[in-house]
Amino acid sequence: MGNDNTAGYREDESMVSGAEGKIAEVIIKQAVPKVTDYVRMLWSGKKFLILGPARAGKTSFLTYLEHLILPLEKQTGSTVGVHTGHDRTLKLGPNGTLELRVRKPRDVAGQMPIHHIEYIKDYKPHCIIVVLDATTFWGFPASASSLEWFRQFCPLLNTLLISNPKVVARLKAMTVIINKWDRVEAKDDKEDEDNRKLFESYIRDILDESLQNRFYEPGGKRAIDVLPCALAKTRLGDRLAKELVQSIAQTLDSAE
């Protein structure tokens, strides 16, 4: 990542594959805080709550939101309790016209889904990020499977969104991250695309079976994004991480 430029932003650029095979430029800039930004953050900043099973990469996503840096791929200590990050304003696109104000994002330690529901109830986030580990979807006991964790989480979330009007009124977006995508082997782009569709189909089935509320219902207008990512320095670079942040920003912007 380069040094701050004369426009007052930290800038990082890459060319990535866009929708339908088109080439789209994803540019993310981290704004240098100004006095007026603090007021805007209080008024329009979005609260992020990052959830998921242990060792899935939740803290790595928080690190990327805060610093636009992917951590080295290495064994790290487990998060204990709740880690609250710093306010950040990100500007996306060549002209920085799409802004994402992230207000004190919270990364929750990997626990049973019922405990994460309590954090949603207390924090009332604008955006829920669920980070799952692609390498533990299948072939693992339920206690160690990301997919089974999500299968248990969704009915509990549905009950909360039905019973708590304050939570559902605040919630604007939800994204499911299939992390560690660099470890899902594919011999070419076609096989990678097939893998994406397979993983996403399992997530979509759980969502449509479990959720029926004001925020989300099968076939409804509001979408829950499901995106692969590699939230560490790997052979894939930061392309998927940039696409992920852009998708979240666009979803929140369209929800306004």
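Basis of the calculations
- Residue indices begin from 1 for each chain and proceed along its sequence in written order.
- Two thresholds apply to this predicted model, a pLDDT of at least 70 for residue-level local features and 80 or more for giving and counting side-chain atom pairs, whereas whole-chain, interface and lining totals are computed over all residues.
- Hydrogen atoms and water are omitted, and side-chain values are computed over all heavy atoms in the structure.
- Residues enter patches when their relative accessible area tops 30% and they take part in no salt bridge; the joining distance is 9 Å for like charges and 5 Å for the nonpolar side chains Val, Leu, Ile, Met, Phe, Trp and Tyr.
- Under the convention used here, a 1.4 Å probe and the Shrake-Rupley method define accessible areas, while residue burial counts only the protein chains that appear.
- When a carboxyl oxygen of Asp or Glu lies within 4 Å of a side-chain nitrogen of Lys or Arg, that pair is called a salt bridge.
- Here a helix means four or more residues in a row that DSSP labels H or I, a strand means two or more in a row labelled E, and each is numbered from the N terminus.
- Exposure is judged per residue with a 1.4 Å probe applied to protein chains only, and the accessible area is read against the type maximum: over 50% gives exposed, under 20% gives buried, and values in between give partly exposed.
- Any Phe, Tyr or Trp ring, taking Trp's six-membered ring, that has another such ring centre within 6.5 Å forms a pair; planes under 30 degrees apart are called stacked, those over 60 apart edge-to-face, and the others tilted.
- Multiplying one less than the number of residues by 1.5 Å gives the expected span of a helix.
- Residues count as neighbours in contact if any of their non-hydrogen atoms are within 4.5 Å of one another.
- In protein, a polar contact means a hydrogen-donor-capable atom and an acceptor-capable atom, both N or O and within 3.5 Å, with residues adjacent in sequence counting only if both atoms are side-chain atoms; elsewhere, any N or O pair within 3.5 Å suffices.
- The criterion for strand pairing is that DSSP finds at least two bridges linking the strands in question.
- Here an axis means a line fitted to C-alpha atoms, over the contact stretch when the element is a helix, while the angle between two N-to-C directions is reported on a 0 to 180 degree scale.
- Any angle between 65 and 115 degrees counts as roughly perpendicular, while under 35 counts as roughly parallel, over 145 as roughly antiparallel, and the rest as oblique.
- When the near helix sits turned anticlockwise from the far one by under a right angle, the crossing is termed left-handed; a clockwise turn instead gives a right-handed crossing.
- Note on residue categories: nonpolar means Ala, Val, Leu, Ile, Met, Phe, Trp, Tyr, Cys or Pro, charged means Asp, Glu, Lys or Arg, and polar means any other residue, Gly included.

Chemist: Describe a nonpolar patch on the surface, listing the residues and the values that go with them.
Modeler: Taken together, the side chains of Trp138, Leu198 and Tyr202 define a hydrophobic patch exposed on the protein surface, amounting to about 270 Å² of accessible area. As for its position among the elements, tryptophan 138 is in the loop between strand S7 (127-133) and helix H4 (146-163). Accessibility expressed as a relative area gives 35% for tryptophan 138, which makes it partly exposed.

Chemist: Explain the packing of aromatic side chains residue by residue, including any values.
Modeler: The tally for this structure, following the rule as stated, stands at seven aromatic pairs. For the pair tryptophan 138 and tyrosine 202, a centre-to-centre distance of 5.1 Å together with 70° between the ring planes defines the contact as edge-to-face. In this pair, tryptophan 138 sits in the loop between S7 and H4 while tyrosine 202 sits in helix H6 (residues 189-210), placing the two residues 64 residues apart along the sequence. Judged by its relative accessible area of 34%, tyrosine 202 is partly exposed.

Chemist: Tell me what's going on with H6, and back it up with residues and numbers.
Modeler: Relative to the 32 Å expected for 22 residues at 1.5 Å per residue, H6 spans 32 Å between its end C-alpha atoms, a close match to the ideal helical length. The set of residues buried in H6 consists of Asp192, Asn195, Phe199, Ile203, Ile206, Leu207 and Ser210. Those residues of H6 hidden inside the fold are in contact with S7, H4, strand S8 (173-179) and strand S9 (225-228). A distance of 3.2 Å separates the backbone nitrogen of lysine 190 from a side-chain oxygen at the start of H6, and that oxygen is part of aspartate 188.

Chemist: Can you tell me about the pattern of salt bridges, naming the residues and giving the values?
Modeler: In total, this model carries eleven salt bridges according to the counting rule given. The closest approach of N and O atoms between arginine 101 and glutamate 99, which form a salt bridge, is 2.8 Å. Aspartate 192 is the salt-bridge partner of arginine 196, the closest N and O atoms lying 3.1 Å from each other. A residue pair is termed a helical-turn pair when its members lie 3 or 4 positions apart in one helix, as arginine 196 and aspartate 192 do in helix H6 at four residues. Through salt bridges with shared partners, a single ionic network connects Lys91, Glu99 and Arg101.

Chemist: So what's going on with the pairing of strand S5 (residues 88-92)? Residues and values would help.
Modeler: The element S5 is extensively covered by neighbouring structure, given that five of its five residues are classed as buried. Here S5 shows no split at all, with Arg88, Leu90 and Leu92 on one side and Thr89 and Lys91 on the other all buried. Two strands pair when backbone bridges link them, and S5 and strand S6 (residues 98-108) are joined in this way by five bridges, in the antiparallel orientation. Bridging from a neighbouring strand, leucine 92 pairs with leucine 98 of S6.

Chemist: Could you give me a rundown of the packing of H4 against H6, with the residues and numbers involved?
Modeler: Running from N to C, H4 and H6 cross one another at 25°; their axes reach a closest spacing of 9 Å. In terms of their interaxial angle, H4 and H6 are classed as roughly parallel. The two elements H4 and H6 cross, and the hand of that crossing is right-handed. Contacts between H4 and H6 pair Leu147, Phe150, Arg151, Cys154, Pro155 and Asn158 from the former with Tyr202, Ile203, Ile206, Leu207 and Ser210 from the latter. Along the lines of polarity and charge, the residues of the contact of H4 with H6 split into eight nonpolar, two polar and one charged.

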